[in-house]
Amino acid sequence: KSFQGKDGDIIDCVDIYQQPAFDHPLLKNHTIQMEPSFIRKVTNEELYNAELFQGWHEDEECPEGAIPIRHARPGEYSAHRTIAPLAHRKELNIRRNYDTTGHEYAQAHLSPGNYNGAHATINLWSPQIMDGDFSLAQIWVVAGPDNELNTIEAGWRGDNHNGQPRFFVYWTRDAYDKTGCQNLDCPGFVQVDRKFAIGSPLNPVSTYEGTQHDIGVTIYKDKGNWWLQVQNQAIGYWPHSIFTHLANVATSLSWGGEIYSSGKEGHHTSTDMGSGHFPSEGYGKASYFRNIQYINSNGKFIDAGEELHPDTTKSSCYDIRLVTDQNGGSGTQFYFGGPGYSATCP
């Protein structure tokens, strides 16, 4: 069935075996892994049901054996996609075959290694976004050389003027060339949860000097596949067979914000990253990532701690500040973002 939610989204309930993933040539004979072998135990501040963040199923829901697929609205998404921040790390001296013009970052990453996943609690905001731009906060799980880059990406993204954050996923196996896409717009991601619509708005959002709202995102390897967990709910997975380098382990992890500027203003974009306020303003004002963890080869969640390295494209426009709060229950965290165009960001 199809129906329209209170937020205006149109949702199709699609038989789980008829979802777009199985149009992928490598998934023709795929057997669905209905659930992971374990769910990450969430901390107290993350104990929200994933469905509480989406209003479309207040009056409707998909039946057992079906998944919700949201209709993308015409012109909703910028034609420009998220790009992994690897290309902006000066120490890597990367020669890339994809265009990063207009993309700016304030993110933190781990040194190259072998990783089986990543987790963070991500602060939710509605940033101001200029026409043709986007602003997002996400986790990147990456493997492979630059010209064969494999990525798995998940978080929230705003594309329109009110910056309403919508949950999104993304993947590629060839450095954003011919494979991969956002959400369920192409075959790849296999969804198993019937209550969470990828691409729908996340509510409520944080307010300046007011109540803060977060969403917990975990990407982890289980039985070979890469699972996505939102809060305490397993949403689905990327089968290992659609990847080359990520068919094994991830070799790089990043957390943080990204904006894309279409350059229409004639000066640096005024698009907000995060809350639109600099990290120096702190809690309740600047956007943050908390409980930043990676998953080691034994499947154990490890606090990123001092292994996390901050990086920003242009700190006078968007910045990042790491904080360690082991006694306060928030683990390794950072504040990030900024307002873009200003006297110090011309």
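That block above? That's the structure.
From a predicted model like this one, the values you see are computed outputs, not experimental measurements.

> Honestly, the state of the cysteines in this entry has me stumped. Any pointers?
Every disulfide links exactly two cysteines, by a covalent bond between their sulfur atoms. Evaluated as defined, the whole model comprises three disulfides. Paired by a disulfide, C181 and C186 hold their sulfur atoms 2.1 Å apart. The sign of the -95 degrees torsion about the S-S bond sets the C181-C186 disulfide as left-handed. Taken as a pair, C181 and C186 share a single burial class, namely buried. The side chain of C317 participates in a disulfide bridge whose partner is C345; the two sulfur atoms lie 1.9 Å from each other. Where C317 bonds to C345 through sulfur, the torsion about that S-S bond is close to 95 degrees, and the disulfide is right-handed. A residue pair is termed long-range when its members are at least 10 positions apart, and C317 in the loop between β16 (308-312) and β17 (319-325) and C345 in the segment after β18 (331-337) qualify at 28 residues. Taken individually, C317 and C345 each receive the classification buried, so the pair is uniform in this respect.

> Would you explain the sheet that holds strand β6 (residues 134-143) in this entry?
One key point about sheets: their strands pair by backbone hydrogen bonds, in either a parallel or an antiparallel sense. Reading across the sheet, the six strands line up as β8-β7-β6-β13-β4-β16 and stay open at both edges, with antiparallel pairing between neighbours. Two strands bound the open sheet, and with one partner strand each, they are β8 (166-172) and β16. For this sheet, the mean angle separating the axes of adjacent strands, direction not counted, is 20 degrees.

> Just checking my understanding: could you explain the environment of K223 for this structure?
Within the fold, K223 resides in the loop between β10 (214-222) and β11 (225-230). When the C-alpha atoms of K223 and P36 are compared, they prove to be 7.8 Å apart, with 187 residues separating the residues in sequence. Each residue touching K223, except ones within four places of it in the same chain, is listed here: Q33 and S37.

> How do you make sense of the pairing of β11 when you look at a structure like this?
Every other side chain in a regular strand lies on the same face of the sheet, so the side chains alternate between the two faces. Within β11, six of the six residues are buried, which leaves it mostly tucked inside the rest of the structure. Here β11 shows a buried face lined by N225, W227 and Q229 and a second buried face lined by W226, L228 and V230. Here six bridges tie β10 to β11, and the two strands are oriented antiparallel to one another. If you follow V217 over to β11, its bridge partner there is V230. Examined bridge by bridge, β11 and strand β12 (residues 233-238) share five bridges and lie antiparallel to one another. For W227, the partnering residue across the bridge sits in β12 and is Y237. Taking the residues that link successive antiparallel strands as the turn, the β11-β12 hairpin has two residues, and the phi of Q231 there is positive, at about 55 degrees.

> In this structure, what is going on with the pairing of β8? I would like to understand it.
Burial analysis of β8 places seven of its seven residues in the buried class, the great majority of the element. The alternating pattern of β8 places R166, F168, Y170 and T172 on one face and F167, V169 and W171 on the opposite face, and all of these are buried. Alignment of strand β7 (residues 150-158) against β8, held across seven bridges, turns out to be antiparallel. Its bridge partner lying in β8, E153 is registered against Y170.

> Explain the nonpolar core here, please?
Generally speaking, a soluble globular protein has its nonpolar side chains buried in company with each other. Judged by nonpolar contacts, the single largest core of 68 residues is most densely connected at V141, F167, L228, W238 and W255. Apart from the residues within four sequence positions on either side, V141 is in contact with A118, N150, T151, I152, I219, W226, L246, A250, S252 and L253. Within the second largest apolar cluster, eleven residues are counted, among which are L149, F168, Y176 and Y260.

> Could you clarify how one ought to interpret the sheet that holds strand β3 (residues 66-70) in this entry?
The strand order across the open sheet built from three strands is β1-β2-β3, with neighbouring strands paired in antiparallel fashion. Lying at the two open borders of the sheet, with one neighbouring strand each, are β1 (2-4) and β3. Each neighbouring strand pair of the sheet contributes to a mean axis angle of 30 degrees, computed without reference to strand direction. Of the strand pairs in this sheet, β1 and strand β2 (residues 10-15) are connected by three bridges, and their pairing is antiparallel. When the bridges of β2 are listed, F3 appears paired with I11.

Criteria and thresholds
- Per chain, residue numbering runs from 1 following the sequence as it is written.
- Given that this is a predicted model, residues contribute local features only at a pLDDT of at least 70 and side-chain atom pairs are listed and counted only at 80 or more, while totals for whole chains, interfaces and linings are drawn from all residues.
- Calculation of side-chain values draws on the structure's entire complement of heavy atoms; hydrogens and water are dropped beforehand.
- In plain terms, two cysteine sulfur atoms within 2.5 Å form what is called a disulfide here.
- Buried residues are those whose accessible area, probed at 1.4 Å on protein chains only, stays under 20% of the maximum for their type, while exposed residues exceed 50% and partly exposed ones sit between those limits.
- Secondary structure elements are taken from DSSP: a helix is a run of H or I of four residues or more, a strand is a run of E of two residues or more, and numbering for both begins at the N terminus.
- For two strands to be treated as a pair, DSSP must find no fewer than two bridges joining them.
- Note on method: axes are straight lines fitted to C-alpha atoms, helices fitted across the in-contact stretch only, with angles between N-to-C directions ranging 0 to 180 degrees.
- The contact definition used throughout considers only heavy atoms, calling two residues in contact when any of these lie within 4.5 Å.
- Buried Ala, Val, Leu, Ile, Met, Phe, Trp, Tyr and Cys residues form a nonpolar core when they are joined through side-chain atoms within 4.5 Å.

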